Amino acid sequence: MQHNLAKPAIHAAALAFGLALAPASLPAQGFAGLGTDAEGFAIPQRGTALQFPADHGPHPEYRIEWWYLTATLSDADGQDYGVQWTLFRSALAPQEDEGWDSPQVWMGHAGLTTAEQHFSAERFARGGIGQAGVTADPFVAHIDDWHMTSHAEEGADALDHLQVHARGGDFSYDLEFIAEGPLVPQGDAGYSVKSPQGQASYYYSQPFYTVSGTLDLPDGPVKVTGQGWLDREWSSQPLAEDQAGWDWVSLSFDDGHRMMGFQLRGTEVFTAGTWITPDGTPTPLPDGAVQFTPLHHTRIDGRDVPTHWRIEWAEQDLSIETEPLNPNAWMDLSISYWEGPLRFDGSHSGRGYLEMTGY
Amino acid sequence: MTALILDTITKSFPSAEGPVRVLDGLSLQIAPGSAHALTGDSGSGKSTLLHIAAGLEPAQSGRVLVAGTDLSAQDDAGRAALRRGSLGLIFQQFNLIPSLSVAANLAFQARLAGRHDAAFTDHLADRLGLADLRARYPEQLSGGQQQRVAIGRCLAARPALVLADEPTGNLDEGTGDTVLDLMLELTAEAGAALLLVTHSPRLAARCDHRHHLRAGRLEGGA
Amino acid sequence: MTRIALTALMSHWVRNWLQLAMLLAGLALATALWSGVQALNSEARSAYATAESLLAEGTAERLDHPSGQIAQDRYITLRRAGWQVSPVVEGRHTLGSARVTLVGIEPLTAPQGAGPALAAQDLNAFFAGRAFAHPQTITEIGAHDLDLHPSDAVPVGTVLLDIGRAQEMLDTEALSYLHLLQTQPAGMRPLDTLAPDLRRVPAGEGAELGGLTDSFHLNLTAFGLLAFAVGLFIVHSSVGLAFEQRRAMFRTLRALGLPLRTLTACLAAEMLVFALIAGVVGLVLGHLLASFLMPDVALTLRGLYGAPVPGVLQFNPIWAASGLAMTLGGAALAGAQALWRLWHLPILAPAQPRAWARASARGMRLQGGVALALAVLAIALTLGGDGLLTGFGLLAAALLAAALAVPLVLAALLRLAQRGARGPVAEWFWADSRQNMPRLSLALMALMLALAANIGVGTMVASFRATFIDWLDLRLAAELNVMPASAQEAAALHPYLSDRADAVLPMMRVDATLKGQPGQIYAMKDHASFRDNWPLIDPVPDAWDRLAAGEGVLVNEQLYRRAGLQSGADTLDLPGVGALPVLGAYADYGNPLAQAVLTLPQFQAAYPDAPVRQFAIRTSDAAGLTASLQEEFGLSSAQITDQAHARDLSMSIFERTFVITRALNVLTLSVAALALFAALVTLAGMRLAQLAPLWALGLTARRLAGLELARALVLGALTMVLALPVGLMLAQVLLSVINVQAFGWRLPLQVFPADWARLALWAMLAVLAAASLPALQLARQGPADLLRVFSRDR
Ligand SMILES: Nc1ncnc2c1ncn2[C@@H]1O[C@H](COP(=O)(O)OP(=O)(O)OP(=O)(O)O)[C@@H](O)[C@H]1O
Ligand SMILES: [Mg+2]
């Protein structure tokens, strides 16, 4: 169940993001706006080294950017939960200005999934006036009262220790994220290619969080613990013209490995992924290495959404089948998509998060 | 003085086939106090003759003198004054003023003429059998009663000449006869001259003079 | 058979085409007046709806500050506390050649509404400065350098744009108010502790146009109904007379074997066709009328209530349908009685006029009973009632009672006259007038209503006008009014003005809810300008001294009466000040809002942030001061208003307010004259049989025509005399009940006999005009026509 609270003139806001931001489900447009030439916007270049803590902060000269946190959680009774906290930035022009003149627009999404229910909420804000934004040092990302605030010790990476809060109409959560491993650059040292034509983004992750905190549900507060994953990505043209959406997973294996994989659905399917050892060493997986096969579709609001997948990486004899905690984890917001926790079995087992856009 | 003189009167009406001559050089004299009956086929021009005599309609040629006054020399107001002062008209129907009571109707013409005599009017009402109906309004009366009121009203003004156009045409024969009897009696009593249009030879016989209108002229008359 | 019957029935109208024309004209005019008024109302209402749906579709609460301003960081604070609020900036601004209201919104957070939807068409362009305005407003603005797009969703006089742009143009960094979105998350710090100084205004109250203008529209509707009623009198009278005329025909048709049912159906069908024809014509006329009046209505509403109403009328099919329904209903009402009588008519009913008159004598008694009952109801409403609707109910009952009583009173008067009449013709004259009363009574009732409405409304307007002018002269004591553009300019102007003028009276106000009503609190400097020129209603002793000492407040009459306050006994709660005793009330005509006045020091202590909006200046050299202000401060001429200009402005708004009332008044009177004309024309044919005997008895046709004319004039004059007290009663109710309920002020009734004389003259001219044609026809009637009476069976 989801509850749209304080519904603003979301269509206006959605439009702002529909033009510029990735997770919009407008198949007719096929995210076409994203593939167009980024006039005036910076374009990611291979070989640019990521700089921290500066790159934790916003990159206003790029069209889009996000701070994307997911967590697979369990309570004392063994009930599973999933939590999402995302802050999107979308630029109408490649710069930052003071006050209302700022061309930066911010959008927050929060999700909370239980086996029976799925909650979601969103927030919008203009940049420049202090209602939303991100600072790299000290690290704070916020929109309204939602925030992701660094409590990292001196000398440690700012993202090593985060306090996270979001609130919807009938849910809220307060969670602490503590990193047990290093930041992991995706793709070629943080340069992540999204299509055969070469569309790309800067992309790094923190996949090693342990999480604890409280979920506030309509039935009362629940203490939870689990694992978390943060994605940071910015770009100006992440998708090709023909790409209609993507299916993305982050997986935590019981043996401590992590894996990120996605397929971009266009005329040709383009896949990519990263195999991450427990000590944080990444191995990029080239196009075609990972195979996504839908096993079962769930009908949600007139859409057929492939909620169960077989994911294979032949080279490593990896073949797993995923099972969502709640197949109805639809983020029914101004920009809608599927996002929820899963468990997987097969050659390997573990937990993870699945995101599917463009359905 | 002669009560009515009609001297070579002609009258024609326009019609689809050209003018139709209804009266064609007709002459008639009525002495004071004398009673004349006028008969003739339907459409022969009896009513027309009477209307011309009353100054209600002009003749095309000829002279009309009522109580010695030449109507053609009078304007509308003059002719109206003559009607008020010297004439009594009784038609087949619609003689009474609907908004006035029988009593008011009876006195109306006499008062117009400035000759109102209450005793005489009462006397006439009694004679006409209207004594009990004085407070009624015209539409509360039968046809015969209405005609009796018309006769009473006419005679109460002591006209020199009474012109009556089939005053009982709407009544059944018995009632008609009674009413006409009364009229003849009372005009004689009041000394008024009478020109009575009637279809009834029996009634005509009771008049001093009888005229038959045919082809625009009078026949007979004695 | 039905066809033959219809042909026979229709033949009547072919021969009496004038009567048919009257019937159609009456129905069409009734429809026109009613639907015209409804068109005006619906246009205005849809404009209010536009205004209310622009920002929040009327569903979002507002947060505002008494000073009318909220610092922008308060917005951020509330958002960061989790409260879903959205900022709005509003302000007056001169754009091109028009003065407009800029409304700046933040489309990302705004509640759903037409404004954000417009912005969403192209957010990028909107953020960059795209603005939206009503096409009419764009025309008014003329040349401009904005990216201005036309949209009917924006109220007239408003320009919608991005909040950042609006702040820039209005030269402010503050917000005007915040929308509080309908659904809020749970668990935030309450607003009471987070922002105790912000006032939470319930949804709809901020956009109180509907409520404020209700009385105006109710007035219009009442007038429309009155006009419709008057129009129905015409129809009723025409239908009734036509029935009477065709009675012999009905008799014959039925004698020939036409079933009563078929005959009734034929007559009903005939009525329906007429109603449809007249209804469509009426709608066209109504639309024309409304288009003609719309600019004045719009100006009135803008002037009086600041309601953004466009001066152009749009066609609305719902309006048309309801107008037509009203026509059909009215025609059915008018025809029902005739049909009922037909149904109950014995085949050989007497076709005599007196019979009808006597039958209607019974009806008269019934009518008298109804009139009496209505009068009692009106008295009961006067004693026990309260509220605007009750006021109108009282008026309706009283007017209807008076109208129904008209024939009775006239009949009594005529009987009296008949008794006093000397001479047979005079007696007949009165008797005949009495007898024909029933046939004329409907037209006379219509005339009486129209005249009474004219007298009543005229007296009300004139009384109001006289009071208003006196009040305005006192109110506008200041020779100059200067509007500073900003707080800085106000601060600079104040010492400058103090040095050069006899007195400088700063005008400051804050918005507040007073006794639950939207209102304002004003600051008043203790000065003779006020003490001498503001006559107080129910003042406590030494009211001005006590006000100066900060011991209480003065309130405007609207608030005083609506809240039922009592000077000396009651107190008024002022936000930020507390409860203060009410010291008295002052007249405040033309203002829809509640108002309270505090002494200046007390006001400044309570509301230090309130800007000076205006300086009222007492000076003997207004021209010189104006010139030096323009020179030294570069003030625009729009910022300085002199006394004469202010007075002209107020007077023109006042006059505008009653333009529509006057226009409707004249139209109603015209309709009534038409009713009389219709009745007289119809009667003329029937009267021949009544007049012919008199003609035969020696009254000339000319004299009879003169008498007919005289009769109409006498009846008209008597009706006018009857209308006088009714009209005065109406004026009294309007002034002391309706005005108090609708606007909040009570006005003394003043009589203007010269106006009555003028009206009487017009009424007599109208009657004369109505009676002339039939009289002229009679005078010209050839003997042949009159003679035919005696030889033709009716
Ligand atoms: N106004 C008129 N226009 C044309 N023709 C007329 C007019 N009045 C009478 N007539 C014609 O003149 C002729 C005489 O009519 P009038 O009424 O005098 O006849 P009448 O002898 O009285 O008949 P009845 O016995 O039927 O009453 C008739 O043919 C009639 O049609
Ligand atoms: Mg005849």
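Criteria and cut-off values
Residues numbered from 1 in each chain as written. Chains lettered and ligands numbered in written order. Predicted model: local features only at pLDDT ≥ 70, side-chain atom pairs only at ≥ 80, totals over all residues. Heavy atoms only, no water. Helix = DSSP H or I, 4+ residues; strand = E, 2+ residues; numbered from the N terminus. Contact = heavy atoms within 4.5 Å. Buried < 20%, exposed > 50% of the residue type's maximum accessible area, 1.4 Å probe, protein only. Pairing = 2+ DSSP bridges. Near = heavy atom within 4 Å. Polar contact = N/O pair within 3.5 Å; in protein donor to acceptor, adjacent residues only side chain to side chain. Areas by Shrake-Rupley, 256 points an atom, 1.4 Å probe, with all protein chains shown as cover. Nonpolar A, V, L, I, M, F, W, Y, C, P; charged D, E, K, R; others polar. Buried area = accessible area lost by both parts, 1.4 Å probe. Salt bridge = Lys/Arg side-chain N within 4 Å of Asp/Glu carboxyl O.

A.B. asks: Sorry, what's going on with the side chain of threonine 322 of chain A here?
C.D. replies: Along the chain, the position of threonine 322 of chain A falls in strand S20 (residues 318-324). Residue contacts for threonine 322 of chain A: discarding those within four places in its chain leaves Thr307, His308, Trp309, Ile311, Leu342, Arg343 and Phe344 of chain A.

A.B. asks: What's the story with the pairing of strand S7 (residues 158-162) of chain C in this structure? I'm lost.
C.D. replies: Within a regular strand, side chains alternate between the sheet's two faces. Residues and elements named next belong to chain C. Burial within S7 is extensive, with five of its five residues counted as buried. Pairing between strand S4 (residues 98-105) and S7: five bridges, direction parallel. Along S7, the bridge assignment pairs glycine 104 with leucine 161. By the bridge criterion, two bridges tie strand S5 (residues 130-133) to S7 in an arrangement that is antiparallel. Each bridged residue has a counterpart across the sheet, and for phenylalanine 132 the counterpart in S7 is leucine 160.

A.B. asks: Can you help me understand the site of ligand 1 in this one?
C.D. replies: All names here are of chain B. Around ligand 1 lies a shell formed by Phe13, Val22, Asp41, Ser42, Gly43, Ser44, Gly45, Lys46, Ser47, Thr48, Glu166 and His199. Serine 44 has a polar backbone atom sitting 3.2 Å from an oxygen atom of ligand 1. Burial of ligand 1 by the protein chains amounts to 61% of its free accessible area of 630 Å². Looking at the shell around ligand 1 residue by residue, the class counts come to two nonpolar, seven polar and three charged.

A.B. asks: I tried to follow the sheet that holds strand S5 (residues 69-70) of chain B on my own but got confused; where do I start?
C.D. replies: Sheet strands line up and pair through hydrogen bonds in the backbone, either parallel or antiparallel. Residues and elements named next belong to chain B. Strand order in the open sheet made by the four strands is S2-S1-S4-S5, with antiparallel pairing throughout. Each of the sheet's edge strands pairs with one partner strand only, and the pair in question is strand S2 (20-30) and S5. In this structure, strand S1 (residues 4-13) lies alongside S2, joined through eight bridges in antiparallel fashion. Bridge pairing in S2 links lysine 11 to leucine 23.

A.B. asks: Please explain unusual backbone geometry as it appears in this structure.
C.D. replies: Residues other than glycine predominantly adopt negative phi, and peptide bonds predominantly adopt the trans conformation. Note the cis peptide between phenylalanine 52 of chain A and proline 53 of chain A, where omega equals 10°. You can see proline 53 of chain A is positioned in the loop between helix H2 (32-35) and strand S1 (64-75). Even without being glycine, arginine 158 of chain B reaches a positive phi, approximately 45°. For arginine 158 of chain B, the position within the fold is in the loop between helix H5 (143-156) and strand S7 (161-165). Classification of arginine 158 of chain B by relative accessible area gives partly exposed; the value is 40%.

A.B. asks: Just to check I follow, could you spell out the interface of chain B and chain C for this structure?
C.D. replies: A common measure of how large an interface is: the accessible area buried when the components associate. Residue-level contacts link 27 residues of chain B with 30 residues of chain C. Contact between chain B and chain C buries roughly 2600 Å² in total, counting both sides, with carbon and sulfur atoms accounting for 64%. By the criterion of area lost to chain C, the three top residues of chain B are Phe94, Arg111 and Glu139 of chain B, representing 25% of everything that side buries. At the boundary of chain B and chain C, one finds one salt bridge. The salt bridge partner of arginine 111 of chain B is glutamate 427 of chain C, with a shortest N-O separation of 2.8 Å. Broken down by secondary-structure element, the contributors of at least two residues to the side of chain B that touches chain C are helix H2 (76-86) and helix H3 (102-113) of chain B. Ranked by residues supplied to the side of chain B that touches chain C, first place goes to H2 of chain B with five residues.

Just geometry here; none of it tells us what the structure is for.
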